[in-house]
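Below, each chain spelled out in residue letters.
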Amino acid sequence: MRVVIADDAMLIREGTARLLEEAGVEVAGKACDAQQLLRIVATEHPDVAIVDIKMPPTHTDEGLAAAEQIRSTHPGVGVLVLSQYLDSRYATRLLEHHPEARGYLLKERVSDIGVLKDAIQRIAEGECVLDPTIVTRLIKRQRHRGPLDDLTDREREVLALIAEGRSNLGIAQALVLSPKTVEAHVGRIMAKLGLGDTPDYHRRVLAVLAFLRA
Amino acid sequence: MVTCHDSVVGGSWRTVASARAGALALGALGAAFGLLTLAAARAAPGGSFAGTSWVGAVAELTAGWALIAAGVAETWRRPASRAGLLLVGAGIGWFFTEWNNPGVGSPAAFTFGLIASALAAPLVAHAALAYPAGRLDSRLDVGVLVFAYAGAGLVLGLLPALFFDPGRQGCSLCPANLALMRSEPGLASGLQQAGLLLGLAWAAALVTAGMRRLVRASPPLRRMLWPVLVPAGCYVLLAGADLVHSLPRGTLGNDPLDYQLWLGEAACLVLMALGVSWAWVRDRRTRAAVVRLVIDAAQSPPPGGLRDVLAQMLGDPGLELAYPVGEPPRQVRADGEPASAEPGGDETVTPLARGGRTVAVVRHRAGLLDDPGLVEEVAAAARLGMENERLHAEVLAHLADLQAAQARIVAGGDAERRRLERDLHDGAQQRLVALALALRLPAPQPGEAPDPRLTSLIDQVGYELRLAIDELRELAHGIYPAVLADEGLAAAVEALAETCAIPITIGHLPQGRLPAPVEAAGYFLVAEASGLIAALPGAEGATVEAKQEGDRLVIQITSDAAAQPAQDLEAALLDVSDRVGALGGRLDAGQTPAGAITIWAEIPCGS
C-alpha cells in the first residue's frame with residue numbers, strides 16, 4: 001500500500017507519515033500544499049492520497065478542490081480528506097457525485113492508526129468512508145416522527161455502518177453477524193426508509209446520506 | 001466653474017437706493033419727454049406719426065411709457081442690474097423718432113430730430129440683448145451694437161446733418177439746421193442713402209444677434225428671454241422694413257405705409273414691456289410655490305420637496321440641492337444621503353449664501369442661475385424652506401453616520417469572530433491533534449515490553465485530548481461557523497439544523513451568496529431564534545424560511561406548535577436585533593393567531 005500525505009502542518013504531516021510507516025504503509029511522498037500534492041501524485045501514482053481540507057493559500061477547502069482535480073487527472077488514485085469540520089456539508093461535497101474511493105475523516109483520527117489504516121485500505125479497494133462521528137450526528141439529529149423511529153436498535157447500528165460506507169461484509173465483521181443476517185437487516189432498513197432496493201453499494205450510501213441530511 | 005452669489009448682492013442700501021432713485025428720476029423725465037413729444041407732434045401733425053390721430057397719440061405714449069415703466073420696475077426689483085435703465089433708455093429713444101418733423105418749429109428741436117430720430121432701434125435692441133443681467137454676454141453682441149449705434153447715430157444722423165441745408169433741399173418750412181457745417185445737398189442725400197442701406201445691414205445683424213442669443217441660452221433662460229427678445233426682434237424687423245420702404249425716397253418719411261409700420265413698431269414695444277413683466281409673474285409663481293411648500297413643510301416635512309419645486313420652476317429635472325452639514329462640512333441631500341461629488345460637464349454649482357454663510361448648494365445645468373437676480377430670488381424665497389430642510393438633512397445625515405458606525409462595529413466584530421475561529425482551528429486545535437499524534441508515536445524501546453501502566457495513561461491522555469478537540473471545535477463553530485463564510489447562509493442553516501435541540505424544518509432558502517454582514521445577521525438570527533424556541537416548554541420544532549424580495553432578505557422562524565414565551569421575545573433577541581438594525585433592517589417578534597411564535601426580520605441586502 002502506497003500513500004502520499006498533504007498537510008501544511010509539519011508536525012502532523014511527519015507524525016502521520018511515521019505512524020503509517022510503522023504500521024507497514026509505504027509513504028511515497030509528502031506535500032505541504034495542493035500544487036505539490038498534484039505533482040507528487042502525478043509522479044508516484046499512490047493508492048491513496050491523504051489530504052488536509054485546509055491548505056494554503058486560503059485555508060478553506062483546498063483539499064476538496066484537490067480531490068476533484070485528482071479524480072480528473074488520476075481516476076485510479078483514492079483520496080482521504082482530513083477535516084476539522086463536523087458539518088456534513090463538506091463531506092457531502094466530497095462524496096455526492098462520485099463516492100468511489102473517497103473518504104472523509106475528522107482530523108484527529110490520524111492519532112488512531114487502526115481507524116486510519118482501515119480507512120486507507122477501504123478507499124484503496126474503492127469503497128467510500130465517512131467519519132462515524134459525523135454519521136452519529138446525522139442519525140441523532142432531531143426530527144419530527146418518521147420512518148427512522150420504526151427502526152430497531154440493531155437496525156440503527158446497521159444503518160450507521162451503511163452511512164459510514166461499509167459493505168455488507170464489513171458490517172458483518174464489525175457486528176459479528178453472518179453476511180446473510182446483515183443482508184436481511186439491510187433489506188428491511190431500506191424498505192422501512194422507503195429507499196427501495198438499491199443493490200449498488202455506492203448508490204446505497206448516497207441514498208442513506210441524502211435521507212439523513214434531509 | 002463655480003460662481004458665487006450672495007443673496008444680498010447689490011451692496012449697501014445706499015447703492016440700492018441711489019439706483020432706484022436714478023431710475024425713477026430718469027423714468028419721470030422720460031415720461032415728461034413723451035408728453036412733450038406728443039405736444040410737438042400735435043402742433044405739427046403733417047410731419048409726425050403721433051400727431052395725426054388719437055390712435056397715433058395713444059400708440060406713441062403707450063409704447064414709450066410701457067418700456068419706461070417696465071424699466072423703472074425692473075430697477076426697483078433688481079437695483080444691481082442695469083437692465084432697467086436700458087429699458088427706460090429704449091422707451092425714451094422711441095420718442096426720438098417723432099422729432100424728425102420739419103414742422104417742429106424750433107431749430108434746436110429740429111436739429112435734434114435730424115440727428116437722433118433713427119436711434120430708437122439700436123436703443124431697443126441694446127435693452128433686449130442686455131436683458132436680464134444688464135450686460136452684454138458676448139463681444140459679438142457688443143460689436144453688432146456699436147455697428148448699429150454708429151449706423152443710426154452717425155451715418156443716418158449726424159453726418160448727413162452736417163451737410164443738410166433745408167432751404168436748398170426743398171424744405172422751405174424747415175427751421176434752421178444748427179448742425180450744418182457746409183451746404184452740400186448731394187453729399188447729404190448720398191450719406192442719407194448710404195445710411196439707409198447700412199441700416200438694413202445693422203438691422204439684420206441685430207435680429208441675428210438676438211436669435212443667436214435665444215438659441216444659445218439654456219432652456220430656463222430661454223423661457224425668460226423669448227417674451228422680451230421676440231417682440232424686440234419684430235420691432236427691429238419692422239424698423240428695417242421702414243428703411244427698405246424709405247430707400248427709393250432717399251430719406252425717412254411718414255407716408256401711410258410708414259405710419260402702418262410705425263403702429264406695428266409701437267405694438268411690438270408694448271409686447272416687449274409685457275414680456276419683461278411676464279418674468280415677474282413667473283418669479284412670483286416660483287416664490288408662491290416655495291412659500292406653499294414651506295407652509296406644507298411646517299406640517300409634514302417632505303424631504304427633497306424643495307428640490308422638486310426648484311427643479312420644476314427652473315426647468316432642470318436633474319437639479320440637485322445639497323446642504324453642508326458636519327465639521328468639516330460635507331454636502332448631503334435632503335434625505336441625508338451624500339450629494340454627488342463633482343458637477344458633470346455641463347453643470348455648475350451655485351452656493352446660496354446668507355450672511356456670508358453657505359446655506360445650500362445648487363448643482364444645476366450651466367447657465368440656469370447665471371443671472372444674479374435669479375439666485376437672489378431663489379435664496380430669498382427658499383430661505384425658510386431651506387433652513388427647515390437643512391436641519392432635517394442634518395439629522396438624517398447624523399442618523400446615517402450612526403448607522404454606518406454601528407454597521408462598522410458589527411462588521412469589525414464579525415471579522416474578529418472569524419479570526420478567532422480560524423485561530424482556534426488552525427492554531428490550538430491543530431496543536432492538540434499534533435499532540436495526540438505524538439502521543440501515539442512509540443519511543444524505541446528495544447527488547448523491552450511496554451509498561452502497561454504507561455500504556456493506560458497514554459490512552460487516558462489520548463481520550464482527554466479528543467474531548468478537548470471536540471470542545472474546541474464546538475466553541476469555534478459557535479463563534480463563527482466556517483461553513484457560513486465558506487458556503488453561505490443556506491449551508492450554515494442546514495448545518496445548524498443538524499445540531500439544534502429541536503427538529504428544524506427548512507423551507508426555501510436563497511442559494512446564492514449575499515453580502516457577508518447580511519448572511520451573518522441572517523444566520524445568527526436563525527441560531528438565536530431557534531435556540532429561543534427550543535427552550536420553550538412543549539417546543540416541537542421550528543420552521544425556517546428565507547427569501548430575497550427585491551433588494552431585501554426576509555427571514556421568518558416560526559414555532560411548529562403554539563407556545564407561550566417565558567420572556568419578552570424582543571428583549572431576548574436584542575443582540576440580533578442590533579445586528580439587523582445596523583444593516584438598516586428591522587426585526588419583529590410576536591405570535592400568530594394560532595399562538596405559534598414567529599420571529600421575522602427584513603434586511604436590506606443591496607451592497
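Residues numbered from 1 in each chain as written. Chains lettered and ligands numbered in written order. Predicted model: local features only at pLDDT ≥ 70, side-chain atom pairs only at ≥ 80, totals over all residues. Heavy atoms only, no water.

Caption draft 1: Quick peek at the overall build of chain A. Across its full length, chain A carries 10 helices and 6 strands. Once local pairs closer than 6 in sequence are excluded, the contacts in chain A between residues at least 24 apart make up 67%. For chain A, the exposed area adds up to about 8,800 Å²; of that, 53% sits on carbon and sulfur atoms. (Helix = DSSP H or I, 4+ residues; strand = E, 2+ residues; numbered from the N terminus. Contact = heavy atoms within 4.5 Å. Areas by Shrake-Rupley, 256 points an atom, 1.4 Å probe, with all protein chains shown as cover.)

Caption draft 2: Quick look at the interface of chain A and chain B. Between chain A and chain B, the residue contacts involve 36 residues of the former and 38 residues of the latter. In total, chain A and chain B occlude about 3,100 Å² of area from one another, counting both sides; carbon and sulfur atoms represent 51% of this. Scanning the region where chain A abuts chain B turns up 7 salt bridges. R473(B) is the salt-bridge partner of E108(A), the closest N and O atoms lying 2.4 Å from each other. (Buried area = accessible area lost by both parts, 1.4 Å probe. Salt bridge = Lys/Arg side-chain N within 4 Å of Asp/Glu carboxyl O.)

Caption draft 3: Layout of the pairing of strand β5 (residues 357–365) of chain B. Residues and elements named next belong to chain B. Pairing between strand β2 (residues 320–325) and β5: 3 bridges, direction antiparallel. Residue pairing for β5: A322 is matched across the bridge by V361. Strand direction decides the pairing type here: strand β4 (residues 347–354) and β5, joined by 8 bridges, are antiparallel. Its bridge partner lying in β5, R354 is registered against R357. Taking the residues that link successive antiparallel strands as the turn, the β4-β5 hairpin has 2 residues, and the phi of G355 there is positive, at about 55 degrees. (Pairing = 2+ DSSP bridges.)

Caption draft 4: Region of interest: helix α5 (residues 113–124) of chain A. All names here are of chain A. Helix length check: α5, at 12 residues, gives a terminal C-alpha distance of 16 Å against a target of 16 Å (1.5 Å per residue), a fit within 8%. Those residues of α5 lying buried are L116, A119, I120, R122 and I123. Looking straight down α5, one finds that the buried residues subtend no more than 165 degrees of arc, so they occupy a single side. On its buried side, α5 packs onto β1 (2–6), α1 (10–22), β3 (48–52), β4 (78–83), β5 (102–106) and β6 (129–130). Just downstream of α5, G126 is the residue with a positive phi angle, here 95 degrees. (Expected span 1.5 Å × (residues − 1). Buried < 20%, exposed > 50% of the residue type's maximum accessible area, 1.4 Å probe, protein only. Arc of directions from axis to C-beta.)

Caption draft 5: Examining the sheet that holds strand β2 (residues 26–31) of chain A more closely. All names here are of chain A. A sheet is described by the order of its strands in space; here 6 strands give the open sequence β2-β1-β3-β4-β5-β6, paired in parallel fashion. Both outer strands of the open sheet, β2 and β6, are each paired with one neighbouring strand and no more. Across 5 bridges, the pairing between β3 and β4 is parallel. Looking at the pairing, V48 lines up with G78 of β4.

Caption draft 6: Spotlight on the pattern of salt bridges. Under the criterion given, the structure shown has 43 salt bridges over all chains. With a closest N to O distance of 2.9 Å, K30(A) and E14(A) form a salt bridge. One end of the pair, K30(A), is in strand β2; the other, E14(A), is in helix α1, and 16 residues separate them in sequence. Note on K30(A): relative accessible area 34%, which makes it partly exposed. A salt bridge links R579(B) to D414(B); its shortest N-O distance comes to 2.6 Å. Of this pair, R579(B) sits in helix α18 (residues 574–582) while D414(B) is found in helix α12 (residues 383–440), placing the two residues 165 residues apart along the sequence. Of the residues examined, R579(B) reaches a relative accessible area of 12% and is grouped as buried. Overlapping salt bridges, with partners in common, bring together D61(A), R89(A), R93(A), R213(A), E487(B) and E494(B) in one network.

Caption draft 7: Just a nonpolar patch on the surface, in detail. Residues L154(B), L158(B) and L159(B) make up a contiguous nonpolar surface patch of about 210 Å² in total accessible area. Among the residues examined, L158(B) registers a relative accessible area of 31% and is labelled partly exposed. (Patch = residues over 30% accessible without salt bridge, like charges linked within 9 Å, V, L, I, M, F, W, Y side chains within 5 Å.)

Caption draft 8: Broad picture of the packing of helix α15 (residues 489–499) of chain B against helix α16 (residues 516–534) of chain B. All names here are of chain B. For the pair α15 and α16, interaxial distance at closest approach is 10 Å and the crossing angle is 20 degrees. Of the possible angle classes, the one that applies to α15 and α16 is roughly parallel. Pair α15 / α16 crosses with right-handed handedness. Listed contacts from α16 to L489, A492, V493 and L496 of α15 are E519, G522, Y523, V526, A527 and S530. For the contact of α15 with α16, the class distribution of residues is 7 nonpolar, 2 polar and 1 charged. (Axes fitted to C-alpha atoms, helices over the stretch in contact; angles between N-to-C directions. Parallel < 35°, antiparallel > 145°, perpendicular 65-115°, else oblique. Left-handed = near helix turned anticlockwise from the far one by under 90°. Nonpolar A, V, L, I, M, F, W, Y, C, P; charged D, E, K, R; others polar.)

Caption draft 9: Seen up close, the confidence of the model for chain B. Scored by pLDDT, chain B has a mean of 85; 90% of the residues are at 70 or more. Note that residues 1–11 of chain B has pLDDT below 50 and, in this model, 26 contacts with residues that lie over four places away or in other chains. (pLDDT = per-residue confidence, 0-100.)

Caption draft 10: Here's a closer look at the packing of aromatic side chains. Within this structure, the stated rule accounts for 13 aromatic pairs over all chains. Summarising the aromatic geometry, the rings of Y85(A) and Y90(A) are spaced 4.5 Å apart at their centres and angled 25 degrees between planes, so their arrangement reads as stacked. On the accessibility criterion, Y85(A) (4% relative accessible area) is buried. Here Y90(A) falls in the buried class, since its relative accessible area comes to 0%. Both rings, one in Y259(B) and one in W262(B), keep their centres 6.1 Å apart while their planes meet at 20 degrees; by these two values the pair is stacked. Here the residue Y259(B) and the residue W262(B) both occupy positions in helix α9 (residues 256–299), the gap between them amounting to 3 residues, near one helical turn. An identical accessibility class is assigned to Y259(B) and W262(B); each is buried. Among the aromatic side chains, those forming a connected cluster through ring pairs are F33(B), F95(B), F96(B), W99(B) and F112(B). The positively charged end of R42(B) is found above the aromatic ring belonging to W54(B), 4.6 Å away from the centroid. Here the guanidinium or amino end of R417(B) rests over the ring plane of F524(B), the centre of that ring lying 4.7 Å away. (Phe/Tyr/Trp six-rings, centres within 6.5 Å; stacked < 30°, edge-to-face > 60°. Lys NZ or Arg CZ within 6 Å of the ring centre and 35° of its normal.)

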